[in-house]
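Report on the structure
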Amino acid sequence: MKEPGEPLGKLGRPKMIFRQMFDNVSSTYSYLLASRRGGEALIIDPVLERVDRYIQLLNELDLRLVKAVDTHLHADHITGIGALRDRTRCITVMGEQSKADVVSMRVVDGEKLEIEGVGLDVIYTPGHTDDSYSFVMPDRVFTGDTLLIRGTGRTDFQNGDPRAQYESIFQRLLKLPEETFVFPAHDYKGDTVSTIGEEKAFNPRLQVASVDDYIELMNNLKLANPKMMDIAVPANMRVGLAQEAVAAQGWAIRPQDAFALLARDDVAFIDLREQPERLRQGEIPGAVHAPYPALQENIASGGPLNELSATKRLVFFCAFGERSAMAVQAARDTGLKSAFHIEGGIDAWKKVHGPLRH
Ligand SMILES: [Fe+2]
């Protein structure tokens, strides 16, 4: 059997870069994925205290971090997604149910989370929390705290629900091929990887006769709260980028004021979202689609947005205003004097009944 991270070159598929990184304070695993040296990278469940290490590794492997993903709102450590965004201008990603104030992109069940050369199927696996997601690749699954190695994530706080977790595990995760590698968000015993087949056979929590037995088991664990909980949960709910800095420069446009600009031919609306978000949330009529990961090329000298800015004012927008705030800053840094953004993104645009095409 091929080991995780082993080059797939002989099978004719591209080699993948894969790193499992451990935070020994919170026993958290974080995962770095990329399809090639010099390409785009994605990180799952980064820990704040380890951010320097991730940046160093990204530099060593010549990778550009594009997405930082949390499987759920963590209670036992402070997430590194906000710090990674501030340092690399990457996109922060969580599920749509997340109570985090602002993330750049929210995903839903059935969507695909993509970077160059790597695609993760998004599956909603609530139970540990009501915002828990798992991410599936052809040979592996990142299970967050839904399914652990010989364990399952506790269900007694953050809207946890043992019934939902049973369904997530038995109806979704255990339906994956038995040889699928399981990479959890934590391990406290030193295990690093398992498989679906192994967990089915040997995970003591899964040897139950019924959903009621599982609920009974989970409701009687009597666990102490995580030491960090009172600090980590509130901190992890405030990961949003301070869009005020962009607003203070006069570069933000309130959504209700942006309507009037729609009809003007000296203004171009630039949609930074990715295709699944556009399909789900709707499009602003007439907007140019220029996904955020390609921003640097697009605004560089000779790039299409750079050229467009010679004759038009650029009004960036995205889902929640975070990518667009970063885009305005990047465009201004590149010398584009006519860059603005819609504060709060499509989310805010919808609230003031801005026109959307589906
Ligand atoms: Fe958790």
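Our structure's up above, just so we're on the same page.
A few points on the structure. (Residues numbered from 1 in each chain as written. Predicted model: local features only at pLDDT ≥ 70, side-chain atom pairs only at ≥ 80, totals over all residues. Heavy atoms only, no water.)

**Considering helix α2 (residues 81-88)**
- Restricting attention to buried positions, one finds in α2 the residues Ile81, Gly82, Leu84 and Arg85. All buried residues of α2 fall inside an arc of 165 degrees around its axis, so they share one side.
- In the core, the buried residues of α2 are packed alongside β3 (40-44), α1 (51-60), β4 (64-69), β5 (91-95) and α12 (322-333).
- Looking one or two residues beyond α2, the residue adopting positive phi is Arg89, at roughly 60 degrees. (Buried < 20%, exposed > 50% of the residue type's maximum accessible area, 1.4 Å probe, protein only. Helix = DSSP H or I, 4+ residues; strand = E, 2+ residues; numbered from the N terminus. Arc of directions from axis to C-beta. Contact = heavy atoms within 4.5 Å.)

**Notes on the pairing of strand β13 (residues 181-184)**
- Residues Phe181 and Phe183 of β13 are buried on one face, and the alternating residues Val182 and Pro184, pointing to the opposite face, are buried as well.
- One ladder, built from four bridges, connects strand β10 (residues 140-144) with β13; its direction is parallel. Each bridged residue has a counterpart across the sheet, and for Arg140 the counterpart in β13 is Phe181. (Pairing = 2+ DSSP bridges.)

**Side note on the pattern of salt bridges**
- Summed over the entire model, instances satisfying the criterion amount to 28 salt bridges.
- Here Asp212 and Arg163 are joined by a salt bridge, their closest N and O atoms 3.7 Å apart. On the criterion of sequence distance, the pair formed by Asp212 in helix α5 (residues 211-218) and Arg163 in helix α3 (residues 162-172) is long-range, its members being 49 residues apart.
- Classification of Asp212 as partly exposed rests on a relative accessible area of 47%.
- Connected via shared salt-bridge partners are Asp271, Arg273, Arg278, Glu283 and Arg357. (Salt bridge = Lys/Arg side-chain N within 4 Å of Asp/Glu carboxyl O.)

**Observations concerning the packing of α3 against α5**
- The N-to-C vectors of α3 and α5 enclose an angle of 125 degrees; their axes lie 9 Å apart at closest approach. Judged by the inter-axis angle, α3 sits oblique to α5. The handedness of the crossing between α3 and α5 comes out as right-handed. Where α3 approaches α5, its residues Pro162, Arg163, Gln165, Tyr166 and Ile169 are matched on the opposing element by Val211, Asp212, Tyr214, Ile215 and Met218.
- Considering only residue class, the contact of α3 with α5 consists of seven nonpolar, one polar and two charged. (Axes fitted to C-alpha atoms, helices over the stretch in contact; angles between N-to-C directions. Parallel < 35°, antiparallel > 145°, perpendicular 65-115°, else oblique. Left-handed = near helix turned anticlockwise from the far one by under 90°. Nonpolar A, V, L, I, M, F, W, Y, C, P; charged D, E, K, R; others polar.)

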